[in-house]
Structures are given as C-alpha cells and as structure tokens.
Amino acid sequence: MKAEKYSKAVATNMVIANMVGTGIFTTLGFQVIEGGIPDPFVILVIWLVGGIISLCGATVYGEVATSIPKSGGEYTFLTHLYHPLLGFISGWISITIGFSAAIAGLSIATGEYFLPILGMENTEVFLGIPIVKLIGSVVIVAVAIVQLGGVKVGGMVQNYMTYIKLTLVAVFLALPFFFGTQTNTSGISFAPSEGSMDMIFSLSFAGSLVWVMFAYSGWNASSYIVGNLDNPKRNLPFSLMVGTLSVAVLYILLNTVFMYVATFDELALKVDLGNVISTKLLGNSIGLVFSGVFSLALISGLNAMFIAGPRVAQQMGKDHVVFKVLGKESKSGAPRAAIITMMVISIILVFIFSFSDLIKFTGFTLSIFALLTVVGVFILRKRGNQGENVVKAWAYPLSPIIFIALTLWMILYFVIEEPIIILWFFFIVAPAMIIYYLSKR
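Because the structure is a prediction, the values reported are computed rather than measured.

Chemist: Is there a simple way to explain the overall build of the protein in this structure?
Modeler: Scanning the protein from terminus to terminus reveals 18 helices and 2 strands. Compactness check: the protein gives a C-alpha radius of gyration of 21 Å against a globular reference of 22 Å for 441 residues, within 12% of the reference. For the protein, the spread of C-alpha atoms along the principal axes amounts to about 65 × 50 × 40 Å. Taking all 441 residues of the protein together, the buried fraction comes to 58%. Summarising the internal contacts of the protein: among those between residues at least 6 apart in sequence, 83% fall at separations of at least 24. Positive and negative charge centroids in the protein, built from 24 and 20 side chains respectively, lie 20 Å apart.

Below, the structure written as structure tokens:
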C-alpha cells in the first residue's frame, strides 16, 4: 500500500502556521521596553531584516533539503554534511529543547490568550500551579492526540486551522480602518528619528533580533517532512519561499497596526498583544470572542510543530538503536512514540521555565543549527554530487552569506550580554555526546 504523503498545500500551510503564532502576537511587548529598541521605525526595520534572513535561509534550505531528501531537518542534514555526532546533537536538541521548548512557549501563550474567556488573571493559581500553565498542558495533550491520528488527520486539521489563522490576521489588519476614530491614540511616528541609525547598528538591535527570529522560526518547517512530501523537488521550495514571503509581509503590517493602536506602555511586556489590541478597539465583550479565535490561531502553530518535531525523533530512532522505539510508525503514518515523547518533554518544560526563558533559549539553539545547515550549502557545492532533483538556492552565494552574517551578529549578542544561555546550551549538549558514544559501543 502506498504511504500517505503531505501535499503542497499542507507543506505551505505548515510553514505559515509554524511562523504565525507565538512570536508575532507576543514579542513586540519585549522589544518596546527600555533596553530594547523603543523606536517605531527601527522596529519595522528589524522585522524587515528578520524577513530577509528567513527568505535567505529558506532558499538555501530548499537546495540542502532536495540534495539530502530525507525527513528529519537539521538532524539529517548535519549528519550528511559534517559528522553523525553533530547530527545526533542537533536531533537531541530538537527533541529536548528546539521543538519541545517552542511547543511549551506556544502553549503558555495560548493559555494567556484563553484566560480572559475564563474571567481570570495570569496571576491566578490552582493547587499552587499557575492556571495559564495548566491550560497550556491541556492544549499540548489535545494536539498530540490529533497528531496520533496520522498524516491524513493531522494534515487536514493543519489546513483548516491555518485558514482560520489567516482569516483572523486579515480581520485584524482591517479593524483600524473601521474603527479609525478610536485607534489613533498612540501618537507615534513611523518616520526615522535622529537616533534611529545608531540603534540599528547597536547590540540592542541584535538582542531584539532574537525575539524577531523566534517569531520567524518555522520558515524551514516543511524541510522536516521532505521524506513524506509529495513531489519534493517542486513542492518543497514552493512551500518554503511562498510561506516565508507571505508571513514577512503579514508581520510588518501587523506590527504597524499594533504600534498604531496602542502606546508602548500598553504593549510593554505583554504576552497577549492580540487581546490588548482587540479589547482597545472593540471593548471587553467582543474582545473575548477574539481571545478565543487567537487561542485557535496559536494552537494551529502548535499543531504544525507536532507534525515537524516528531519526524526528527523518528529519524533518529531509525538511525540509532538507543532510540529505536521512536522510529516506529503507525499504519496512518504517525510516529506515535515520538509524538508522545515530545508531548511529555513539552509539558515538563511548561512547568519548569518562564515564557521569556523558553523563547530566548529556543531562538539561540535554533539559530546555531540553522547556521550550520546554511554553511553546508558551500560543502554541497564543493562536493559537486548534487542530483537532477536539486533546486538551486536563489542569489547564491549572496543569500547564504547574508544569513550567516546576520545570524552571527545575533549570536554575538548572547556572547556579550547573556552568556548564561550559552552555558546552558553546552550543559544540554554534554548528555547527547555521552549517549552517542555509549550507543556506538
């Protein structure tokens, strides 16, 4: 029997759903604070820069993924490009932190958006446990159950939820035009100020880029399912480029609306930006309806991560006997053990870490392995063993150079300002190295 395959629409929607989620509806609140980049013009520039980085990465990933047409994302790519140990470390990070921490952060944000519907504040607890984290855990379990249904069910749910999300974004962008007399209260100007250029070349810009790149994370989502994708030569590059470009345009428009409607004080440190804007525009009662729809939109991103993430664990299970159980697949195409493993790890992270810590660490770790993958395109070109199904990266070598330079700038921020995150990174990598060498023995 022919195995189920993901379509071009599912792959493209998967990219969009992975990207349009926690980041765009949460990160601006951390950018406008003191120590960030509280300048409307610079904020729009940084979202444009994030889009350029993602587009450069997407076109390079198209070449790498069609040169190495197996599911698993960076785990598979780094194994073939460099050494199985580096691939193993990447897969380990993806399972324990990369996807799991992103899922945990997304579920917490979903809880924040859902709280107003319950008439609760984000400080409320039940049996000593924050309500927002309990809601997040329930959401993780529910989405995992959907994905256990297999490729067909998971793909169908992803398509419908992505359409709901895009409809929400379109409505949100239109609201200020219908409620214009009530919205121009922020009094901000989007023109560059005297200090704008200095801010663009500052470390604060690089620090804010961490938040932006988390919002853009997911531009490479369809590369994780290339082995389960119908006609990958045509559909993979299409999904990466079209999905990323669409989201970049949406992000710039959405941030313009956020800053036009609300003041920086109203946005500062807010995780539920959508609730802030919808309540200000429409009032509390109608704002509650938007809270529910926002929750669905965020769950769409969580569902997309549960499609991509377990494929990494599944591929590791096929390659390494120590993770053999993760490599098994049901008749419906669901890597059930991998899904359950990621579900459990994500729930643990929900209760251990704060939203801010999850986002920063996820952004840093994903950038490291994406950087190594993009560098790998030079290795592939040098080897010269690319097949006829390979789709060449656009604007080579400019596209990988832009991605590498800007990503290194962002990593420099962590080296100087938040070295503790780098130490945590190596602390998590150490067990992976031990397990890898023990498994070989």
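Chemist: When you look at the environment of I345 in this model, what are you seeing that I'm missing?
Modeler: By the secondary structure assignment, I345 is in helix α15 (residues 336-352). In this structure, the C-alpha to C-alpha distance between I345 and I103, residues 242 residues apart in sequence, is 9.6 Å. Among residues more than four places away in sequence, those in contact with I345 are I95, T96 and S100.

Chemist: Quick question: what am I supposed to make of a nonpolar patch on the surface here?
Modeler: A cluster of nonpolar residues, F114, I117, L118 and L288, forms a patch on the protein surface that exposes about 300 Å² of accessible area. Secondary-structure assignment places F114 in helix α5 (residues 84-118).

Chemist: Honestly, helix α3 (residues 40-67) in this entry has me stumped. Any pointers?
Modeler: Residues separated by three or four positions in an α-helix point in the same direction, a consequence of the helix having 3.6 residues per turn. With 28 residues, α3 extends 41 Å from end C-alpha to end C-alpha; this agrees with the ideal 40 Å at 1.5 Å per step. Within α3, 23 of the 28 residues are buried, which leaves it mostly tucked inside the rest of the structure.

Chemist: Looking at this model, I keep getting lost on the packing of helix α7 (residues 151-178) against helix α11 (residues 232-261). Mind explaining?
Modeler: Angle between the axes and distance between the axes are the two parameters that describe a pair of packed helices. The N-to-C vectors of α7 and α11 enclose an angle of 40°; their axes lie 10 Å apart at closest approach. Relative to α11, α7 is oriented oblique. For the pair α7 and α11, the crossing hand works out as left-handed. Residues L166, V169, F172, L173 and P176 of α7 touch α11, and the partners they reach there are L250, L253, L254, V257, F258, Y260 and V261. Residue composition of the contact of α7 with α11, by class: 12 nonpolar, no polar and no charged.

Chemist: What exactly am I supposed to notice about the packing of aromatic side chains here?
Modeler: We describe a pair of aromatic rings using the distance from one ring centre to the other and the angle between the two ring planes. The full count for this structure, using the stated rule, is 12 aromatic pairs. With a centroid separation of 6.0 Å and 80° between ring planes, the pair formed by Y61 and F77 is classed as edge-to-face. Of this pair, Y61 sits in helix α3 while F77 sits in helix α4 (residues 74-81); the two residues are 16 residues apart in sequence, bridging distant segments of the chain. Each member of the pair Y61 and F77 is classed as buried. Ring centres 5.5 Å apart and planes at 85° place the aromatic pair W424 and F427 in the edge-to-face group. Linking W424 with F427, this pair stays in helix α18 (residues 419-440), spanning 3 residues, or about one helical turn. Classification of W424 as partly exposed rests on a relative accessible area of 42%. Between the NZ or CZ atom of R381 and the centre of the ring of Y396, over which it lies, the distance is 3.8 Å.

Chemist: Which parts of the structure should I look at to understand the pattern of salt bridges?
Modeler: Side-chain pairs of opposite charge can arise whenever the charged atoms involved come near each other. Inspection of every chain in the model, using the stated rule, returns 1 salt bridge. Here E63 and R381 are joined by a salt bridge, their closest N and O atoms 2.7 Å apart. Here E63 is found in helix α3, whereas its partner R381 is found in helix α16 (residues 355-383), with 318 residues between them in sequence. By relative accessible area, which is 27% here, R381 ends up partly exposed.

Chemist: Sorry, what's going on with the side chain of S367 here?
Modeler: Counting through the fold element by element, S367 comes out in helix α16. Judged by relative accessible area, which is 10%, S367 ranks as buried. Contacts of S367, omitting those with residues within four sequence positions, involve T407 and M410.

So, how was this worked out
- Residues numbered from 1 in each chain as written.
- Predicted model: local features only at pLDDT ≥ 70, side-chain atom pairs only at ≥ 80, totals over all residues.
- Heavy atoms only, no water.
- Helix = DSSP H or I, 4+ residues; strand = E, 2+ residues; numbered from the N terminus.
- Rg over C-alpha atoms; globule rule 2.2 N^0.38 Å.
- Buried < 20%, exposed > 50% of the residue type's maximum accessible area, 1.4 Å probe, protein only.
- Contact = heavy atoms within 4.5 Å.
- Lys, Arg positive; Asp, Glu negative; His and termini not counted.
- Charge placed at Lys NZ, Arg CZ, Asp CG, Glu CD.
- Patch = residues over 30% accessible without salt bridge, like charges linked within 9 Å, V, L, I, M, F, W, Y side chains within 5 Å.
- Areas by Shrake-Rupley, 256 points an atom, 1.4 Å probe, with all protein chains shown as cover.
- Salt bridge = Lys/Arg side-chain N within 4 Å of Asp/Glu carboxyl O.
- Expected span 1.5 Å × (residues − 1).
- Axes fitted to C-alpha atoms, helices over the stretch in contact; angles between N-to-C directions.
- Parallel < 35°, antiparallel > 145°, perpendicular 65-115°, else oblique.
- Left-handed = near helix turned anticlockwise from the far one by under 90°.
- Nonpolar A, V, L, I, M, F, W, Y, C, P; charged D, E, K, R; others polar.
- Phe/Tyr/Trp six-rings, centres within 6.5 Å; stacked < 30°, edge-to-face > 60°.
- Lys NZ or Arg CZ within 6 Å of the ring centre and 35° of its normal.

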